[in-house]
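Geometric and topological summary
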Amino acid sequence: MLLTRLARPTTRVLHRLSSTSATQPRPSGVAAALLAAKDPNFTMAPTIHSEFALNDRVGLISGANRGLGLEMAMSLAEAGARTIYCVDLPPHPGAEFHAVSAALRTMRLSGKLEYVSADVTQQETMWSLGKQIGEKEGRMDFCVAAAGILREHTDCLEYPRGQMEDVMRVNVNGVLYTAQAAGREMERFGKGGSIVLVASMSGSLTNRGHAWLSYNTSKSAVLQMGRSMACELGSKNIRVNTLSPGHIYTSMTAAFIDKQPELSEKWASMNPLGRLGRPDELRGVVTWLASDASSYCTGSDILVNGGHHAW
Ligand SMILES: NC(=O)c1ccc[n+]([C@@H]2O[C@H](COP(=O)([O-])OP(=O)(O)OC[C@H]3O[C@@H](n4cnc5c(N)ncnc54)[C@H](O)[C@@H]3O)[C@@H](O)[C@H]2O)c1
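The rules we used
- Residues numbered from 1 in each chain as written.
- Predicted model: local features only at pLDDT ≥ 70, side-chain atom pairs only at ≥ 80, totals over all residues.
- Heavy atoms only, no water.
- UniProt positions renumbered as here; feature names shortened; annotations may be inferred.
- Pairing = 2+ DSSP bridges.
- Helix = DSSP H or I, 4+ residues; strand = E, 2+ residues; numbered from the N terminus.
- Axes fitted to C-alpha atoms, helices over the stretch in contact; angles between N-to-C directions.
- Contact = heavy atoms within 4.5 Å.
- Core = buried A, V, L, I, M, F, W, Y, C linked by side-chain atoms within 4.5 Å.
- Buried < 20%, exposed > 50% of the residue type's maximum accessible area, 1.4 Å probe, protein only.
- Left-handed = near helix turned anticlockwise from the far one by under 90°.
- Nonpolar A, V, L, I, M, F, W, Y, C, P; charged D, E, K, R; others polar.
- Phe/Tyr/Trp six-rings, centres within 6.5 Å; stacked < 30°, edge-to-face > 60°.
- Lys NZ or Arg CZ within 6 Å of the ring centre and 35° of its normal.
- Near = heavy atom within 4 Å.
- Polar contact = N/O pair within 3.5 Å; in protein donor to acceptor, adjacent residues only side chain to side chain.
- Areas by Shrake-Rupley, 256 points an atom, 1.4 Å probe, with all protein chains shown as cover.
- Right-handed = clockwise from strand over helix to strand, strands pointing away.

An unreviewed UniProt entry lists the protein under the name Sorbose reductase sou1, from Pterulicium gracile. Reading the Sequence similarities (unreviewed entry) entry of the UniProt record for the protein gives the comment "Belongs to the short-chain dehydrogenases/reductases (SDR) family."

Right, here's the structure in full:
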């Protein structure tokens, strides 16, 4: 009886199933199969890869001269994005950025990375950059706020004001200004969008043996910023999620591991997978978050940390 009912869906059920995603060009999955069962003119085709595709889309990523920001920019370009504006501090991009841009050209992808030297702590600069991108490209589809800093160990009772302010300025204010720069354009174009704020597992737990008060505090703030923005922007179909990596070897963590190689083993032993993460292990999750494949995900924190939080 149940099978019969599923095999012959009513028009209302079909409509509900096929309209679950505002951005989906055509029904997919079970809804598509049910349509095909009803309408012989409806041709089935696999859609799962196209749900992750970013064809012709435009985005902004901060901290993308190197490290996780650059890794994520490259994966989003491979997923089909037209132009990804990569913001970072140095006046000119570094060797890693050039290597990635060259590799994308070699792969004959239509998309490209565009380097922009800017400081995410400057709100007006970031807003004006977002506007310029919107005016030039006529759209703004995704944003990844990845710029962040981590300072040396500092005793919490001695924590100096200047250091606290520096970290909060980049890791909290800068993340907000980056999200605003893209979000204001998404709102202007009225087609929704996806904003990913890079937090850290350090926003939800304290790394044992590390006196990183300002960093941990700033990352907790990013988690709540993501939830708050998601709630305000949901009605505009602008999704906001946070991405919380665990220990991944980049310049940021190299500053500690290279001085104390034993840290590598210590950190690895603290997660069930028993190893540090690689930057490329964020490629899938950021592509999922930026694309329509995550169209019903907002206000969430996605932990990618080898299971560190589970112990
Ligand atoms: N590597 C890890 O294990 C790890 C873990 C959790 C979270 N994260 C987060 O991921 C993000 C990227 O970190 P990463 O490991 O790639 O570090 P990274 O130091 O390699 O990259 C950070 C980038 O941000 C840029 N940046 C710093 N201040 C800026 C500013 N004011 N304006 C513009 N750009 C600025 C830096 O120049 C650098 O290119 C950070 O937010 C970090 O907190 C990293």
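What follows picks up the thread again.
Let's talk about the sheet that holds strand S3 (residues 112-117)
In spatial order, the strands read S3-S2-S1-S4-S5-S6-S7; together these 7 strands make up an open sheet with parallel pairing. On the outer flanks of this sheet lie S3 and strand S7 (301-304), each paired with one strand and no other. In this sheet, adjacent strand axes meet at a mean angle of 20° when their direction is disregarded. Taken together, the 4 bridges between strand S6 (residues 238-245) and S7 define a ladder with parallel strand orientation. Of the residues in S7, the one forming a bridge with Thr-242 is Asp-301. Where helix H5 (residues 67-78) meets the sheet, its contacts fall on strand S1 (58-62), strand S2 (83-88), S3, strand S4 (142-145), strand S5 (193-198) and S6, and the angle it forms with S1 comes to roughly 165°.

Side note on unusual backbone geometry
A positive phi angle, near 70°, is found at Asp-56, a position not held by glycine. Position of Asp-56 among the secondary structure elements: in the loop between helix H4 (48-52) and S1.

Brief notes about the nonpolar core
With 35 residues, the main nonpolar core has Leu-60, Val-87, Ile-195 and Leu-197 as its most contacted residues. Elements represented by at least two residues in this core include exactly S1, S2, helix H7 (123-137), S4, helix H8 (161-189), S5, helix H9 (213-233) and S6. At 9 residues, H8 tops the list of elements feeding residues into this core. What Leu-60 contacts, discounting residues up to four positions off in sequence, is Tyr-85, Val-87, Leu-129, Ile-133, Met-140, Phe-142, Cys-143, Val-144, Thr-178, Ala-181 and Ala-182. Listed in part, the 33 residues of the second largest apolar core include Leu-113, Val-144, Val-198 and Leu-282.

Concerning the packing of H7 against H8
It is at 8 Å that the axes of H7 and H8 come closest, and there the two elements cross at 35°. The handedness of the crossing between H7 and H8 is right-handed. The residues of H8 that touch H7, namely those facing Gln-123, Met-126, Trp-127, Gly-130, Lys-131, Gly-134 and Glu-135, are Tyr-177, Thr-178, Gln-180, Ala-181, Arg-184, Glu-185, Arg-188 and Phe-189. Its residues assigned to classes, the contact of H7 with H8 shows 5 nonpolar, 5 polar and 5 charged.

Points about the packing of aromatic side chains
Using the criterion set out here, one finds 3 aromatic pairs in the structure. Ring geometry for Trp-212 against Trp-267: centres 6.3 Å apart, planes inclined by 65°, an arrangement best described as edge-to-face. Separated by 55 residues along the polypeptide, Trp-212 in the loop between S5 and H9 and Trp-267 in helix H11 (residues 262-268) bring together distant segments of the chain. The two residues Trp-212 and Trp-267 agree in class, both being buried. Here a set of aromatic residues connected by ring pairs shows up, and it is made of Trp-212, Phe-256 and Trp-267. Over the face of the ring belonging to Trp-127 we find Arg-184, whose NZ or CZ atom lies 3.5 Å from the ring centre. When the ring centre of Phe-189 is taken as origin, the NZ or CZ atom of Arg-188, which lies over that ring, is 4.9 Å away.

Notes on the site of the ligand
Around the ligand, the surrounding shell holds 27 residues, and the nearest of these are Arg-66, Leu-68, Asp-88, Tyr-215 and Thr-250. Take Arg-66: an N or O atom from its side chain is 2.8 Å from an oxygen atom of the ligand. Burial of the ligand by the protein amounts to 94% of the accessible area it has alone, namely 830 Å². Only H5, H9 and helix H10 (251-257) provide two or more residues apiece to the shell around the ligand. At 3 residues, H10 tops the list of elements feeding residues into the shell around the ligand. Tallied by class, the residues present in the shell around the ligand amount to 14 nonpolar, 9 polar and 4 charged.

So, the pairing of S4
If a strand is regular, its side chains alternate between the two faces of the sheet. Burial along S4 is two-sided: the face carrying Phe-142 and Val-144 and the face carrying Cys-143 and Ala-145 are both buried. Sheet analysis places S1 next to S4, joined by 4 bridges and oriented parallel. Across the sheet, residue Ile-61 finds its bridge partner in S4, namely Val-144. Two strands pair when backbone bridges link them, and S4 and S5 are joined in this way by 4 bridges, in the parallel orientation. Bridging from a neighbouring strand, Val-144 pairs with Val-196 of S5. Considered for its hand, the β-α-β crossover made up of S4, H8 and S5 is right-handed.

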